[in-house]
Amino acid sequence: MSTIPALRPPSSSGGETPTGDEPTVATAAVTPASATASRPGPQGPLDLLRRALGDRPTSQHRRPLTPEQRTARRRRRIRFGVLGGIASVVLLPLLMLGFGWLFFAVPTPDEAVNNQVALISYADGSQLTRLVPEQGNRTKVATEQIPVPVRNAVLSAEDRSFYSNPGFDFSGIARAAWNQLRGGVGGGSTITQQYVKNALVGDQVSIWRKYKELIISLKVSQQKSKDEILTDYLNTIYFGRGAYGIQSASQAYFGKNVAQLTAPEGALLAGVIQSPSRWDPALDPAKAVQRWDFVMDGMVSQGWLSPAERAAATFPATAQRRTGSSGSFSDSRGHVVNAVKAELDSLGISDQEFSQDGLRITTTIDPAQQQKAVDAAHQTLAGQPGNLRSAVVAVDPRSGGIKAYYGGDNGVGLDYARVRKQPGSTFKPFVALAALMHDPPIGLGTTFNGKEQKGLRNADGADCARCDVKQAMTISNNVVFTTLAAKVGPDSVAAAAKAAGITSPLDDPDARLALGNKEITPLELASAYATIADGGVWHSPHVISSIVTSDNRVLYQAPESSGERRFSVQVARNVTEAMLGVAPNDGLELPGDQPVAAKTGTVQSRFDGENNDAWMSGFTPTLSTTVWIGTDMNSPIRTASGRPIEGATVPGKVWQRFMSDAVEDEPTKGFGTFTPIGEAPSELPPNAPTTSATPTPSASAEPSVPPSGSQVPPPPPPDPAAPPADESTAPAPDQQGDPSEGRTLFGGNPGTTTTTPPASDAEPGLQDCSTTPCG
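Worth saying up front: this structure is predicted, and the values here are computed from it rather than measured.

1. A look at the side chain of Q247
Position of Q247 relative to the elements: it lies in helix α10 (residues 246–254). You can call Q247 buried: its relative accessible area is 10%. Ignoring anything within four residues of it in the chain, the contact list for Q247 reads T139, V141, N257 and V258.

2. Considering the state of the cysteines
Per the stated rule, a full pass over the model turns up one disulfide. Each sulfur of the disulfide joining C464 and C467 lies 2.0 Å from the other. Residue classification places C464 among the buried positions, given a relative accessible area of 1%. Of the residues examined, C467 reaches a relative accessible area of 1% and is grouped as buried.

3. A short note on unusual backbone geometry
At the junction of D439 and P440, the peptide bond is cis and its omega measures out at 0 degrees in the coordinates. Tracing the backbone shows P440 in the loop between α18 (428–436) and β6 (447–448). Backbone geometry places D508, a non-glycine residue, at a positive phi of 50 degrees. Here D508 lies in the loop between α21 (490–500) and α22 (522–533). Looking at D508, the relative accessible area reads 71%, which means it is exposed. Residues other than glycine seldom take positive phi values, yet N634 does so here, at roughly 55 degrees. As for its placement among the helices and strands, N634 is situated in the loop between β14 (623–630) and α25 (650–662).

4. Description of the pairing of strand β13 (residues 611–620)
Where burial is concerned, most of β13 is hidden: 10 out of the 10 residues are buried. In this sheet, β13 lies alongside strand β12 (residues 597–604) in antiparallel orientation, the contact comprising eight bridges. Looking across to β13, one finds that K599 is bridged to S617. Counting the residues in the hairpin turn of β12 and β13 gives six residues, including G609, whose phi is positive at 80 degrees. Between the antiparallel neighbours β13 and β14 lie two residues.

5. So, the packing of aromatic side chains
One pair of aromatic rings is described through two measures. These are the centre distance and the angle between the planes. Under the criterion given, the structure shown has eight aromatic pairs. Here Y529 and F619 contribute two aromatic rings whose centre-to-centre distance is 6.2 Å and whose plane-to-plane angle is 80 degrees, an arrangement assigned as edge-to-face. With Y529 in helix α22 and F619 in strand β13, the pair connects residues that are 90 residues apart, well separated along the chain. Across this residue pair, the class does not change: Y529 and F619 are buried. For the cation-ring pair, R333 lies above F329, with the distance from its terminal atom to the ring centre recorded as 3.9 Å.

6. Thoughts on a nonpolar patch on the surface
Residues I78, V82 and I86 make up a contiguous nonpolar surface patch of roughly 270 Å² in combined accessible area. Exposure remark for I78: the relative accessible area of 53% places this residue in the exposed category.

7. As for the sheet that holds strand β3 (residues 360–363)
Spatially, the five strands line up as an open sheet ordered β2-β1-β3-β9-β10, and their pairing is mixed. The open sheet is flanked by β2 (127–131) and β10 (554–557), the only strands paired with a single partner. Ignoring which end each strand starts from, the neighbouring axes of this sheet average 15 degrees apart. Of the pairings in the sheet, the one linking β3 to strand β9 (residues 544–548) comprises four bridges and is antiparallel in character. Its bridge partner being in β9, I361 is matched across the sheet by I547.

8. Section: a negative patch on the surface
Taken together, the side chains of D661, E664, D665 and E666 define an acidic patch exposed on the protein surface. Residue E664 is classed as partly exposed on the basis of its relative accessible area of 49%.

9. Digging into the sheet that holds β13
Pairing in this open sheet of five strands is antiparallel, and the strands run β5-β4-β14-β13-β12 from one edge to the other. Among the strands making up the open sheet, the edge pair consists of β5 (402–406) and β12. On average, adjacent strands in this sheet sit at an angle of 10 degrees to one another, irrespective of strand direction. This element, α25, spans β4 (389–395), β5, β13 and β14 of the sheet and lies at about 150 degrees to β14.

10. Here's the deal with the nonpolar core
Ranked by size, the top nonpolar core spans 82 residues in total, and within it I361, F430 and L484 carry the most contacts. Contact partners of F430, with chain neighbours within four places excluded, come to V493, A496, A497, A500, I502, L525, A528, Y529 and I532. Judged by nonpolar contacts, the second largest core, of 43 residues, contains V150, Y195, V295 and A313.

11. Considerations on the pattern of salt bridges
Inspection of every chain in the model, using the stated rule, returns 15 salt bridges. Between D331 and R333 there is a salt bridge whose closest N-O contact spans 2.9 Å. A salt bridge links D415 to R418, with the nearest nitrogen and oxygen atoms 3.7 Å apart. Given a relative accessible area of 14%, D415 falls into the buried group. The structure contains a network of salt bridges with shared partners spanning D293, D297 and R310.

Each value, and the rule that gives it
Residues numbered from 1 in each chain as written. Predicted model: local features only at pLDDT ≥ 70, side-chain atom pairs only at ≥ 80, totals over all residues. Heavy atoms only, no water. Helix = DSSP H or I, 4+ residues; strand = E, 2+ residues; numbered from the N terminus. Buried < 20%, exposed > 50% of the residue type's maximum accessible area, 1.4 Å probe, protein only. Contact = heavy atoms within 4.5 Å. Disulfide = S-S within 2.5 Å. Pairing = 2+ DSSP bridges. Phe/Tyr/Trp six-rings, centres within 6.5 Å; stacked < 30°, edge-to-face > 60°. Lys NZ or Arg CZ within 6 Å of the ring centre and 35° of its normal. Patch = residues over 30% accessible without salt bridge, like charges linked within 9 Å, V, L, I, M, F, W, Y side chains within 5 Å. Areas by Shrake-Rupley, 256 points an atom, 1.4 Å probe, with all protein chains shown as cover. Salt bridge = Lys/Arg side-chain N within 4 Å of Asp/Glu carboxyl O. Axes fitted to C-alpha atoms, helices over the stretch in contact; angles between N-to-C directions. Lys, Arg positive; Asp, Glu negative; His and termini not counted. Charge placed at Lys NZ, Arg CZ, Asp CG, Glu CD. Core = buried A, V, L, I, M, F, W, Y, C linked by side-chain atoms within 4.5 Å.

Encoded structure:
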């Protein structure tokens, strides 16, 4: 048998060379990983990537890279990074350009103008009006109809390199992007970009809008000539005065066709393009001249106007500015549109933006309630003297949203819902409010002497020997409320009215403020009564619920907040309680036993026995409505039969008719539990009305209210022979109510005021005539 030779281990010196006598045995050599990696064979994607980057496959036995290899690998990585960055800078914009080119369409001039149309809608989404540049305030013209000097003036004002630039300004776009990244705004635009911006309604400050603007500007520049782009631009832009396009602007400013415009006239129109509300000569002549000089000098610098022509040019005269635009109304709806515009201005949205930015405005106006308000006024005033004017405003107490707004039938005339008039006895609830918030509070059960005094009288049937605050409110006793106003302090009465929502000045008040001797508007009164109806929470009265642009960006959304608490629920409920007897006493109840808190008011004329203004204001838990009746000339108001109009008659009937229809579909809802503050009111009716003839002022009494603007003569001094009025009955200590109620706005005892004011505090011409005729 064969013998396996013994193997000799290698020597420690690294191995010996075998001699020829020793047998040679093949041994398996250990191959290092680096050798394996160099061999050809299947390799994974990771290995290939590493090889491309100069890396060797990972191994715990990998030989370290030499300095030369590390330098080479670093250079390769830098090279690939640079190439990747260049690809991102070049390929990504090209990719975005390609997508934009495919998906962004070029709008027509008509589409551009349609995107500028403002839509005003009712609360239910139905259309109130569409303010659109129709025929008459936009007429398209051809390029040849626009004189060359006029075109040059526009280029001087807006884009002097128009015919040489590619349709967009990269530096302007970059500047705008950089400003926006830093939180600012701005950036230049060419005329092509401005045209595209108007077409897209592109006032949104964003890089995305600039991107769209760039793409469409490129497409427009490819598809149209420069003359076509300029003409489209001049046929679509807004020039102010309700004029869209150069032709209608020429008519609005100069009363002539565009073909007849001179270079100075064209420069004026070109100057107003950027900001019509700033550079219209009718609004700011100095700025208009400054802008005109800039345009004219720019024409000279570009060689479009000779220095001699510039020196001879004078600032052109313009036609009288007329407001209004297509979609406005000459009937009662015009006041609603104007109320919307006024609120837009208060929200910081200019008339230019309103006319140019394609706004979609949703109002709080309920179309059904609006029609009922108009119908109630028309039906009640049918057959009455033609000089009578009326206003009806209905406010939702829970939100402050105006549900119905009738300011008269002449939509381009006075808006009587915002005309200030003396409110008469509709101001008495604010006296009760101040009394309840007084320290200590004066409750509805506090009694007073309600008999006539020297120089101060009540309407026929409103006398009472002693009556509490609620009884005095029901019959509208002037003496009681003038006394109460003096007791709590006239300044406190004014503060109470302002807390409720009256915003008109009530400067230098005295005790006669209880009789409404300061002017307010029907809108203010409806809002203030709504605060009482909502338990002392004031909501800003508003007619706009939302504003959205044509590209669905929300510019404004009426806040759905809980409002601002002005006084406590208990105080508000006590004021409401004081007013609950007025409507039944005056025959103005609502159907279905719907509880209603109300107050009438009548302001006497300077002519004895006549009245100038009559009011009715009242609320349910869901609707507060004020009605005013008067004239343009502050003249006496009479019915067709010749009787003086009082708060309970014509305005009361308008109010009752509207409110009966407005709440007919609502379930009967009370005002909540009544917890009296101070002494509780009596459950007994007021003193029975007297049946004597209407009292005649004494010979020593002053005449009735003088004409508006005249000086009021000083009232007569107190009659020393007249007996003093009884002191008011102080509430019992255990009937004071919560001493913390209502003391955030008013506090402290006036101290120096007397329970009964002197006769000099009363003005005989301001008594309440809401129950029976005066004089």
